[in-house]
Amino acid sequence: MNIIVCVKRVPLTQEVDLEIDPSKRDVRSDMLAYVMNEWDNYAIEEAILLKEKLEGTVTAMTIGSEDDEEVLRRCLAMGADKAIRVDPGTLELDSFTISKILAAVIKGLDHDLVLTGVQAEDNNEGAVGIMLAEHLGLAHSAVVVGIEPEGNEATIRVELEGGIDEVSKIGLPAVLSIQTGINEPRYVSIMGIRKAAKKELNVIELGELELSEDDLLTRTTIEEIFLPPETEGAEIIEGDASTIAEEIIRIIKEKGVSI
Amino acid sequence: MGEIFVVVEHREEEIREITFQMLWKANELAQALSHSLTAVLLCDNGEAFVPEIGDRADRVILVEDESLKNFSAERYKEILKGLIEEYNPFLTLMGHTPWGMEFAPALSIKTGLPLATDCVDILIEDGNPKVIRQIYNGKLFSKVSFKASEGYLITQRPGAFPTDKVGDRQGELIKKEIPADIPEPRKQFVEFVDTAAGEMDISQAEFLVSVGRGVGEEENIKVVQDLVDTLGGVISCSRPVVDKNWLPKFHQVGTSGKTVKPKVYLALGISGAFQHVAGISGAGTVIAVNKDKKAPIFRVADYGVVDDLFKVVEALKKKLSA
Ligand SMILES: Cc1cc2nc3c(=O)[nH]c(=O)nc-3n(C[C@H](O)[C@H](O)[C@H](O)COP(=O)(O)OP(=O)(O)OC[C@H]3O[C@@H](n4cnc5c(N)ncnc54)[C@H](O)[C@@H]3O)c2cc1C
Ligand SMILES: Nc1ncnc2c1ncn2[C@@H]1O[C@H](COP(=O)(O)O)[C@@H](O)[C@H]1O
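Not measured: the values here are computed from a predicted model.

(A) Fine view of the overall build of chain B. Per the secondary structure count, chain B includes nine helices and 17 strands. Taken along its principal axes, the extent of the C-alpha atoms in chain B is 70 × 45 × 35 Å. Buried positions account for 60% of the 322 residues belonging to chain B. Within chain B, contacts between residues at least 6 apart in sequence are counted, and of these 64% link residues at least 24 apart.

Shown next, in the form of structure tokens:
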């Protein structure tokens, strides 16, 4: 089974005071640390688990700059066989252009399964995977929490609301967007990443791909980003730990909970 | 006069709440634009649904077929493409739900119409639609415009708008046949499985102490459990805690977990992603403890503590044992 996994490098934004850059269309990135998108971490693990069971190859792929190769090296260290980076140069990206570029590369590769994350942690769109499926003309499913391939189909579980899973059969090849919790991603050591440096990492320039001008034109544009409107928000409890604890206990009791 | 489409989402003989929320927003947009509002219903038995949505739309386009009993992204995308070509709606609203996520992006490619997902608001500026989205898990908002097009596709965030009936509309029922040449879907429904049931039902708890990824590691769950044992509440959690197997699934609060309605919800180290807070809208009072003063949870909480959760937990234990 040959599996392609699309991965993205995203900034860590918890416990960070995000600043908007002068263009007003992005955050100031110079202060941020980057990691692999959480959902993609589960997707690459799932691909490697399937490969360990069924043999074949795993190819990790990203569209991004040289700095983004960090996530590909991580995938290689986890057990991917090959990695591909497409350099978009200064091209403006949205889920449409990203899916077009991914499709142009994947078309030329052997694939029984293409995995993406459900969503990227930065823009939270949840669109690239299923757009990609349509470009490739493949069967597709989103928010997948289980995959069991058997011959030219797979039994999959899609996670719906309220803890309900939908079990289906899907024809392969297919594109699936992977939900967190589907597995337990393995630990990657710095040593592991160093060792994986010998594995193949190809860089493709946009010009090498069969893409028209229209294919590279975004369909959505971020006009501006802004801080959430000041709503009423929480009443902040201040003071030392003991005062805070007292206040919390008072509120809990006041609301009719007996403790 | 233009048109706004709302794609009805339903499951097991029931219309999903997101449908009413989309109809709510579509009503507002239709009024502002003097457009008509059309609910598009793909199902096996329309009679059951039409009365519920008929008075919220000017038209109900019903495609009724045995094969539409269960949701099928492939059938939805084929049928909707045909209807969009026939009616040319200015806007087509779909839910940003697992099912919406499975067909809306494919429909965008199939029709060539631009798509914006997970929108919390839809505006019209100079006749053009623009949407408001949340990025970085709600820490920032973005305003997004579309490439000029005949029509636009939007998926709406669940819970962004009310479910109430608004406007005064008399839905005319239009029945359509399922296209004869529609390909057999490559994905076939087998069954639904309930994974959230467990030893305990957190949705019945009066007082929940909820832990998020901020708890750091598995051992620390015990620290919080100790507090819960003294306080007398029930422990619940956000999704990453379940993903890491630190607590069983039946403790999870949120869209893919349980909807809860305690008198008090004490959130420890939870950032407040919409999929989480959607599960606590029925909570009486929310108290959030988070190190990050910009965490979105503080926008929905009644009380906030900007501090290390362990400091607060220890102080609470001390007070209670005193
Ligand atoms: C289809 C779908 C369904 C989903 N369903 C659900 C669902 O049902 N429920 C759910 O919860 N999520 C769900 N999610 C995931 C959701 O998007 C978020 O990823 C998740 O809620 C984040 O959980 P968290 O707040 O615990 O973690 P994080 O977002 O990582 O936040 C951790 C927080 O802890 C704070 N913190 C860290 N250390 C400390 C400390 N020592 N003291 C105090 N604060 C600290 C940080 O500042 C941060 O704000 C779903 C996602 C998708 C795509
Ligand atoms: N620049 C990128 N390179 C490779 N894959 C990507 C990129 N952006 C998004 N993806 C994939 O698409 C998924 C969904 O992203 P999004 O639709 O942007 O929320 C991610 O989890 C990745 O698997």
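(B) Spatial organisation of the site of ligand 2. All names here are of chain A. Inspection of the region around ligand 2 gives 18 residues, with Cys6, Asp40, Ala120, Gly126 and Ala127 positioned closest. In this structure, Glu125 approaches ligand 2 through a main-chain N or O atom, which is 3.2 Å from an oxygen atom. Burial of ligand 2 by the surrounding chains reaches 99%, relative to a free accessible area of 480 Å². Among the secondary structure elements, those contributing two or more residues to the shell around ligand 2 are strand 4 (58-63) and strand 6 (113-117). Top element by residues in the shell around ligand 2 is strand 4. It accounts for three residues. Among the residues making up the shell around ligand 2, the classes are represented as eight nonpolar, seven polar and three charged.

(C) Quick look at helix 6 (residues 241-254) of chain A. Taking 1.5 Å as the rise per residue, helix 6 of chain A with 14 residues should run 20 Å; its terminal C-alpha atoms sit 20 Å apart, in good agreement. Taken together, the buried residues of helix 6 of chain A touch strand 13 (207-211), strand 15 (264-268), strand 16 (285-289), strand 17 (303-305) and helix 9 (309-321) of chain B. Backbone geometry just after helix 6 of chain A places Gly256 of chain A at a positive phi near 90 degrees.

(D) Local environment of the site of ligand 1. Taken together, 30 residues lie near ligand 1, and Gln14 of chain A together with Ser238, Ser256, Ser271 and Asn290 of chain B sit nearest. Bordering ligand 1 are residues originating from chains A and B. Residue His276 of chain B places a side-chain N or O atom 2.8 Å away from an oxygen atom belonging to ligand 1. At a separation of 3.2 Å, a nitrogen atom of ligand 1 approaches a polar backbone atom of Lys291 of chain B. Those elements giving two or more residues to the shell around ligand 1 turn out to be helix 6 (239-243) and helix 7 (274-277) of chain B. Taken together, the residues of the shell around ligand 1 break down into seven nonpolar, 16 polar and seven charged.

(E) Structural context of the side chain of Arg75 of chain B. Residue and element names in this part refer to chain B. Tracing the chain through its elements places Arg75 in helix 3 (residues 73-87). Judged by relative accessible area, which is 8%, Arg75 ranks as buried. Those residues in contact with Arg75, other than ones at most four positions away along the chain, are Ser67, Leu68, Ile178, Ile182, Pro183, Glu184 and Pro185.

(F) Quick peek at the sheet that holds strand 10 (residues 174-178) of chain A. With respect to topology, ten strands assemble into an open sheet ordered 11(A)-5(A)-4(A)-1(A)-6(A)-10(A)-7(A)-8(A)-9(A)-12(B), the strand pairing being mixed. Each of the sheet's edge strands pairs with one partner strand only, and the pair in question is strand 11 (200-205) of chain A together with strand 12 (187-194) of chain B. Here the strands of the sheet are splayed against their neighbours by 30 degrees on average, with no regard to which way each runs. Helix 2 (residues 69-78) of chain A rests against strand 4, strand 5 (82-87) and strand 11 of chain A of the sheet, and its axis sits at about 170 degrees to strand 5 of chain A.

(G) Here's a closer look at the interface of chain A and chain B. The partner chain B presents 87 residues to the 86 residues of chain A that form the contact. When the two sides are added together, the surface that chain A and chain B hide from each other amounts to roughly 7,600 Å², 57% of it contributed by carbon and sulfur. Its largest share of buried area at the contact with chain B, chain A owes to Glu134, Glu161 and Arg219 of chain A, together 9% of the area lost on that side. Remark: the boundary between chain A and chain B carries 13 salt bridges. The partner of Lys187 of chain B in a salt bridge is Glu166 of chain A, and the shortest N-O contact between them spans 3.9 Å. Viewed at the interface, chain B and chain A are joined by 48 residue pairs in polar contact (both at pLDDT 80 or more). With nine residues, helix 6 of chain A is the single largest residue contributor to the side of chain A that touches chain B. Class assignment for the residues of the side of chain A that touches chain B results in 39 nonpolar, 26 polar and 21 charged. Across six bridges, strand 12 (residues 220-226) of chain A lies against strand 9 (residues 140-146) of chain B in antiparallel orientation.

The rules behind the values
- Residues numbered from 1 in each chain as written.
- Chains lettered and ligands numbered in written order.
- Predicted model: local features only at pLDDT ≥ 70, side-chain atom pairs only at ≥ 80, totals over all residues.
- Heavy atoms only, no water.
- Helix = DSSP H or I, 4+ residues; strand = E, 2+ residues; numbered from the N terminus.
- Buried < 20%, exposed > 50% of the residue type's maximum accessible area, 1.4 Å probe, protein only.
- Contact = heavy atoms within 4.5 Å.
- Near = heavy atom within 4 Å.
- Polar contact = N/O pair within 3.5 Å; in protein donor to acceptor, adjacent residues only side chain to side chain.
- Areas by Shrake-Rupley, 256 points an atom, 1.4 Å probe, with all protein chains shown as cover.
- Nonpolar A, V, L, I, M, F, W, Y, C, P; charged D, E, K, R; others polar.
- Expected span 1.5 Å × (residues − 1).
- Pairing = 2+ DSSP bridges.
- Axes fitted to C-alpha atoms, helices over the stretch in contact; angles between N-to-C directions.
- Buried area = accessible area lost by both parts, 1.4 Å probe.
- Salt bridge = Lys/Arg side-chain N within 4 Å of Asp/Glu carboxyl O.

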